[in-house]
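Summary of structural features
As a plain string of letters, each chain reads:
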Amino acid sequence: MKALRPLSLIDAPVRGLMTKEVKTVEATKTLADAVKVMRDAKVGCLVVVGKDKTPVGIFTESDLVKKMAEKGHTIASITMAQAMSKPLTIISPGATIWDAVTLMGRAGIRRLPVVENGRLVGIVTERDVFRLILSQQNLLLESVAESIPATTREQLRGLAGHFGLGPPPGKASDDAE
């Protein structure tokens, strides 16, 4: 049986990780409009688009908090063009996940719109990257566990139990108190 090799963050393209259904809001819409869309869609950000649907900015929960802290405005009087974060940092779908992680880190952002030929095609978030890393770790751990003989696994469980990291030897984790 051929061992599965987890995808490398360096090699995998963004298009395989991105969420393709991205919620957007027009730059002319109000803060109140955006908040309603975010609430109804249960999302933490909206990509702000111009009249031609080209991405021009991003509006996040953090932007909402900043605008609400300002005095003299109501959520009905602030447009997305005024409330959004800009300039918009973007990445192409052919870029690697490693490129996305690096770009997000350098820019200090948690959400990265994916744009191809001026058109929004997806978004990559910090959460997407964490899920990928966790899934790769689980795949690696499962692969390693399968290659260890049963007696050695039992010895490792005993050692883990000795240090308070798991059930004692011969006792299944379901039997633990």
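Going by the structure above, here's the rest.
A brief structural summary. Treat the numbers as computed from the prediction; the structure is a model and nothing was measured. (Residues numbered from 1 in each chain as written. Predicted model: local features only at pLDDT ≥ 70, side-chain atom pairs only at ≥ 80, totals over all residues. Heavy atoms only, no water.)

This paragraph deals with the environment of M104. Locating M104 in the fold gives a position in helix α4 (residues 97-107). Residue class for M104 comes out buried when judged on its relative accessible area of 6%. It is 8.6 Å that separates the C-alpha atoms of M104 and T89, two residues lying 15 residues apart in sequence. In this structure M104 touches I109, R110, R111, L112, V124, T125 and E126, once residues within four positions along its chain are discounted. (Helix = DSSP H or I, 4+ residues; strand = E, 2+ residues; numbered from the N terminus. Buried < 20%, exposed > 50% of the residue type's maximum accessible area, 1.4 Å probe, protein only. Contact = heavy atoms within 4.5 Å.)

Take the sheet that holds strand β1 (residues 24-26) next. Taken in spatial order, the 3 strands line up as β1-β2-β3 in an open sheet, and their pairing is mixed. Taken across any chain shown, the strands that pair with only one partner, and hence form the sheet edges, are β1 and β3 (55-60). The average undirected angle you get between the axes of adjacent strands in this sheet is 35°. Bridge count between β1 and strand β2 (residues 45-49): 3 bridges; the pairing is parallel. Its bridge partner lying in β2, V25 is registered against V48. (Pairing = 2+ DSSP bridges. Axes fitted to C-alpha atoms, helices over the stretch in contact; angles between N-to-C directions.)

We now examine α4. Looking only at α4, the buried set comprises I97, A100 and M104. Down the axis of α4, the buried set is contained in an arc of 55°. They therefore lie on one face. Exposed residues pointing more than 90 degrees away from the buried face of α4 are listed as G105 and R106. Positive backbone phi, approximately 70°, marks G108, located one or two places after α4. (Arc of directions from axis to C-beta.)

Take unusual backbone geometry next. Cis peptide bonds are those with omega within 30 degrees of zero, and the linkage from K86 to P87 qualifies with 0°. Counting through the fold element by element, P87 comes out in the loop between α3 (80-83) and α4. Although it is not a glycine, K42 adopts a positive phi angle of roughly 55°. Take K42: it is sitting in the loop between α1 (31-41) and β2. On the basis of relative accessible area, K42 is assigned to the exposed category, the value being 76%.

Spatial relationships are all this shows, so hold off on functional conclusions.
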